[in-house]
Amino acid sequence: MERGRSTRLLVEHLGEGPPPVVARAPGRVNLIGEHTDYNGGCVLPFAIDRVTEVALRPRKDEKIRVFAERTGAECTLAFPASQFRPTGGWEDYLKGILAFLSQRGRIEHGFDGAVAGDVPLGAGLSSSASLEIALAIGISRTYKIDLPDLELVKGCQRVENEFVGTSCGIMDQYASFFGREGLAVLLDTSSLAHRYIPLRLHGMSLLIVDSRVRRSLATSGYNTRRKECERALILVQKALPDRKIASLSALTEDDLEQVDPTLPPLLLARVRHVIGENARVLAAVEALERDDHRALGALLFASHSSLRDLYEVSTPELDFLVDWGREHGALGARLVGGGFGGITLHLVPDGIKADYTAGIVDAYRSRFGIDAEVIEVRPGPGAEELNREDY
Ligand code: GLA
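Computed from a predicted model, the values in this text were never measured in an experiment.

Caption draft 1: Here's a closer look at the pairing of strand S1 (residues 21–30). Of all ten residues in S1, ten are buried; the element is thus mostly enclosed. Relative to strand S3 (residues 45–58), S1 is paired through nine bridges, and the arrangement is antiparallel. Pairing of Val 22 across the sheet is with Ala 55, part of S3. Two elements, S1 and strand S13 (residues 384–386), share three bridges in a ladder whose sense is antiparallel. What sits directly across from Ala 23, in S13, is Glu 385.

Caption draft 2: The sheet that holds strand S12 (residues 373–377), seen in detail. Ordered by their spatial adjacency, four strands build an open sheet running S10-S11-S9-S12, and the pairing between neighbours is antiparallel. Looking at strand neighbours, the two that pair on one side only are strand S10 (332–336) and S12, the edges of this open sheet. Between one strand axis and the next, the sheet turns through 25° on average, direction left out of account. Summarising the sheet, S10 and strand S11 (residues 341–349) pair through five bridges and their orientation is antiparallel. Bridge assignment links Ala 333 to a residue of S11, and that residue is His 346. Helix-sheet contacts for helix H9 (residues 293–309) involve strand S9 (204–214), S10 and S11, and the interaxial angle to S10 is about 40°. Sheet strands touched by helix H10 (residues 316–327): S9, S10 and S11. Its angle to S11, the strand with the most contacts, is close to 5°.

Caption draft 3: Spatial organisation of the sheet that holds S1. Ordered in space as S5-S4-S6-S3-S1-S13, the six strands form an open sheet in which the pairing is mixed. Each having just a single partner strand, strand S5 (73–78) and S13 make up the two edges of the open sheet. Along the sheet, successive strands turn relative to each other by an average axial angle of 25°, direction set aside. Direction of pairing for strand S4 (residues 63–68) relative to strand S6 (residues 111–117): parallel, over a ladder of five bridges. What sits directly across from Ile 64, in S6, is Phe 111. Running at roughly 125° to S1, helix H5 (residues 171–178) makes contact with S1 and S3 of the sheet.

Caption draft 4: Local environment of the layout of surface pockets. Its volume calculated, the largest pocket comes out at about 1,200 Å³. Residue lining of the largest pocket: 47 residues in total, with Gly 122, Gly 124, Ser 126, Ser 128 and Glu 160 positioned closest to the centre. Elements represented by at least two residues in the lining of the largest pocket include exactly S6, helix H3 (127–142), H5, S9, helix H6 (217–239) and S11. Among the residues forming the lining of the largest pocket, the class breakdown is 19 nonpolar, 20 polar and eight charged. For the second largest pocket, the calculated volume is near 240 Å³. Lining the second largest pocket are 13 residues, and of these Gly 96, Ala 99, Phe 100, Gln 103 and Glu 162 sit closest to its centre.

Caption draft 5: Representation of the packing of aromatic side chains within the structure. This model, assessed by the stated rule, comprises nine aromatic pairs. Taken together, a centroid distance of 4.9 Å and an interplanar angle of 65° make the contact between Phe 177 and Phe 178 edge-to-face. For Phe 178, a relative accessible area of 10% corresponds to the buried category. Members of the aromatic cluster, joined through ring pairs, are Tyr 174, Phe 177 and Phe 178.

Caption draft 6: Region of interest: the site of the ligand. Within the structure, the ligand sits among Arg 28, Glu 34, His 35, Asp 37, Tyr 38, Cys 168, Gly 169, Met 171, Asp 172, Tyr 222, Gly 337 and Gly 338. Between an oxygen atom of the ligand and a side-chain N or O atom of Arg 28, the distance comes to 3.3 Å. Between the ligand and the protein, one listed contact pairs an oxygen atom with a backbone N or O atom of Gly 169 at 2.8 Å. Compared with its free state, where it exposes 310 Å², the ligand has 92% of that area covered by protein. Its atoms largely coinciding with the cavity grid, the ligand occupies the largest pocket. Residues that form the shell around the ligand fall into these classes: four nonpolar, four polar and four charged.

Caption draft 7: Summary view of the packing of helix H8 (residues 265–289) against H9. One can describe the packing of H8 onto H9 by two numbers: an axis separation of 9 Å at closest approach and a directional angle of 165°. On the basis of their axis angle, the class for H8 and H9 is roughly antiparallel. In the packing of H8 onto H9, the handedness of the crossing is left-handed. Across the interface between the two elements, His 273, Glu 277, Arg 280, Ala 283, Ala 284, Ala 287 and Leu 288 of H8 pack against Ala 295, Leu 296, Leu 299, Ala 302, Ser 303, Ser 306 and Leu 307 of H9.

Reading the values: rules and limits
Residues numbered from 1 in each chain as written. Predicted model: local features only at pLDDT ≥ 70, side-chain atom pairs only at ≥ 80, totals over all residues. Heavy atoms only, no water. Buried < 20%, exposed > 50% of the residue type's maximum accessible area, 1.4 Å probe, protein only. Helix = DSSP H or I, 4+ residues; strand = E, 2+ residues; numbered from the N terminus. Pairing = 2+ DSSP bridges. Axes fitted to C-alpha atoms, helices over the stretch in contact; angles between N-to-C directions. Contact = heavy atoms within 4.5 Å. 1 Å grid on protein atoms, 1.4 Å probe; cavity = no way out; pocket = protein on both sides within 12 Å on 5 of 7 lines; lining within 4 Å. Points joined across faces, edges and corners; volume = space filled by probe spheres on them. Nonpolar A, V, L, I, M, F, W, Y, C, P; charged D, E, K, R; others polar. Phe/Tyr/Trp six-rings, centres within 6.5 Å; stacked < 30°, edge-to-face > 60°. Near = heavy atom within 4 Å. Polar contact = N/O pair within 3.5 Å; in protein donor to acceptor, adjacent residues only side chain to side chain. Areas by Shrake-Rupley, 256 points an atom, 1.4 Å probe, with all protein chains shown as cover. Sits in = over half its atoms within 2 Å of the grid points. Parallel < 35°, antiparallel > 145°, perpendicular 65-115°, else oblique. Left-handed = near helix turned anticlockwise from the far one by under 90°.

Next up, the structure:
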């Protein structure tokens, strides 16, 4: 999306005024490392070349007016932020971020703002994390609230968990903030430290195929998996009392033999996924470092099988898309995000991209009667505040 679109919207819809603070933040795709971020494990997401951008301009009174391009409507709020309550719309993110930041600094006047974006909504590309991060950067700069980067990222995750009411780990907000052009972010969620890994595509493309199926189970299923992992952790800690196991990701394949008799089969399957997925993240990093796309692709397929069979978060639609990919030239494919619907990621040679795209849409329509959407993504820059000369 062109830089500065939100500033033009601001002037068009709310009139002329002093130059605004402008911030933008991208959506993300997780290359590999699924359902590990709330288990102290590793993830390997990258920021994508789709963003949310906000432009904010202080007012003298306490009013807040924000025009959102996607709804075509203006939302108005008035302080105090402690009185804000979620109502189910996009404004919940605005209210939540304001409530969070007003605990960290003095927000004494209102603002006019505009929000623009091209991250597909509700598709599993973290449009909400990109909105939270863009708002948090924009509002903290507007009010000169000095917040360490990691505090800002954690605050956005908390807004999502506690204000908006969606359970999630920290991966999406982290990737949106810390992503960098051409790089994947290897994040260890137990230490919250990261390392950048070049994501060189060399003749390969990353395609997102959106199943367009949103399951109601997405929320309840995600929460159930989290609870299962919490239960498994308690049992594992009892089985290995000397090891001081802080998270399921501290376990190795060798530990499995010892914990096996103490865990019900279902919990054992969940633990097996977490251990295997962490190992696959590290193997994927090695594959990327060697530019070995075949090895990377095989790991993507293996991740999907584990999410399907051990973690049980796939659906017939997602399995179909991944299997079709395996049979039609993808080097790798897997479901991305929480599962129970949403998107799949496909690693595809450039040469077959056009036929692959047309073929998978046709096959999916014949099988399920649904028009899948295919979106090509590239590893794009992370969140930033724009300077006047930038737009
Ligand atoms: C969702 C959450 C993330 C992560 C994934 C599963 O996308 O927002 O924090 O838990 O599911 O890997």
